[in-house]
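# Per-entry structural report
Given next are the chains, with one letter for each unit.
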Amino acid sequence: VPAGPDPPLRLQPPLAIAMNSATGEIAIRSESTVAVLDRNSSGNYTKKQESEIAGETGAVLAFGGSTLLAGLEDGRVLLLDSATLKVKQEIPPAGNTTPRFAQASPDGRWFVLLSHTRMLRMIDAKEGKPAGVSFTGQGDISAAAFSADRLLVSDRVNRVTTYRLDTLQ
């Protein structure tokens, strides 16, 4: 069953998709275009906003609160306002950190990016900068996920470390 938008988006690689768990909005990056889709009263999606991120060949997306994070192939991180898709903050790369996955806390305050080198980076969207958290298992981290007021980080195949978001301990 088609769920919109109408007309359909033309999706081309590189492709990244993220959903805002609080609002149900969907962000899609296709080639260098970023679009935000909003669900209407009939249950279908309509295009709310669209913009270009020129010159970048790949990205991962995470969507939380009113912020959309784009982790770019060169390691830079863009924090975009989800209503306008304007760049609020650009965060420079931290070494060789090509992003593999990105995740947002439900309120959009915190974002984590896991790189191909298995390094985890946390971004504070409220402050517009890296959070400065030291995660156990750097270089061997395989996954991270937000659960209520905590961040769960998996490393060494079967170890999960829990971090409280209020204290980052």
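In this report, the structure presented in the accompanying data block is examined. Going along each chain's sequence as written, the residues are numbered from 1 onward. Reporting of local features is limited, given that this is a predicted model, to residues whose pLDDT is at least 70; pairs of side-chain atoms are given and counted only at 80 or more, and all residues count toward the totals for whole chains, interfaces and linings. Side-chain figures throughout are based on the complete set of non-hydrogen atoms in the structure, without hydrogens or water.

With that out of the way, let us pick up the nonpolar core. To define a nonpolar core, start from buried Ala, Val, Leu, Ile, Met, Phe, Trp, Tyr and Cys residues and group those joined through side-chain atoms within 4.5 Å. Buried residues are those whose accessible area, probed at 1.4 Å on protein chains only, stays under 20% of the maximum for their type, while exposed residues exceed 50% and partly exposed ones sit between those limits. Of all hydrophobic cores here, the largest spans 15 residues; its most connected members are Ile53, Leu61, Phe63, Leu68, Ala70 and Leu78. Among all residues touching Leu61, those that are not within four sequence positions of it are Ala16, Ile17, Ala18, Ala27, Ile28, Arg29, Leu68, Leu69, Ala70 and Ala102. Grouped together as the second largest cluster of nonpolar side chains are 14 residues, Ile141, Leu151, Tyr163 and Leu165 included. Any two residues whose heavy atoms approach within 4.5 Å are treated as being in contact.

In this section: the layout of surface pockets. Of the two site types, the cavity is a set of points on a 1 Å grid over the protein atoms alone where a 1.4 Å probe fits but cannot get out, and the pocket is an open set with protein on both sides within 12 Å along at least five of seven lines, each lined by residues with an atom within 4 Å of a point. Grid points are joined across faces, edges and corners, and a volume is the space filled by probe spheres set on the points. Approximately 200 Å³ is the volume attributed to the largest pocket. Lining the largest pocket are 17 residues, with Ala94, Thr97, Leu120, Arg121 and Met122 positioned closest to its centre.

A word on the environment of Arg76. In this text, helices come from DSSP runs of H or I with a minimum length of four residues, and strands from runs of E with a minimum of two, each type numbered from the N-terminal end. Along the chain, Arg76 turns up in the loop between strand 6 (67-72) and strand 7 (77-81). As for Arg76 and Asp140, which are separated by 64 residues in sequence, their C-alpha atoms are 21 Å apart.

The next subject is the sheet that holds strand 11 (residues 120-124). Taking strand neighbours across the sheet as the criterion, the four strands line up as 9-10-11-12 in an open arrangement whose pairing is antiparallel. With partners counted over all chains shown, the strands left at the sheet margins are strand 9 (99-104) and strand 12 (129-130), one partner each. Two strands pair when backbone bridges link them, and strand 10 (residues 110-115) and strand 11 are joined in this way by five bridges, in the antiparallel orientation. Looking at strand 11, one finds that Leu114 is bridged to Leu120. Two strands pair if DSSP finds at least two bridges between them.

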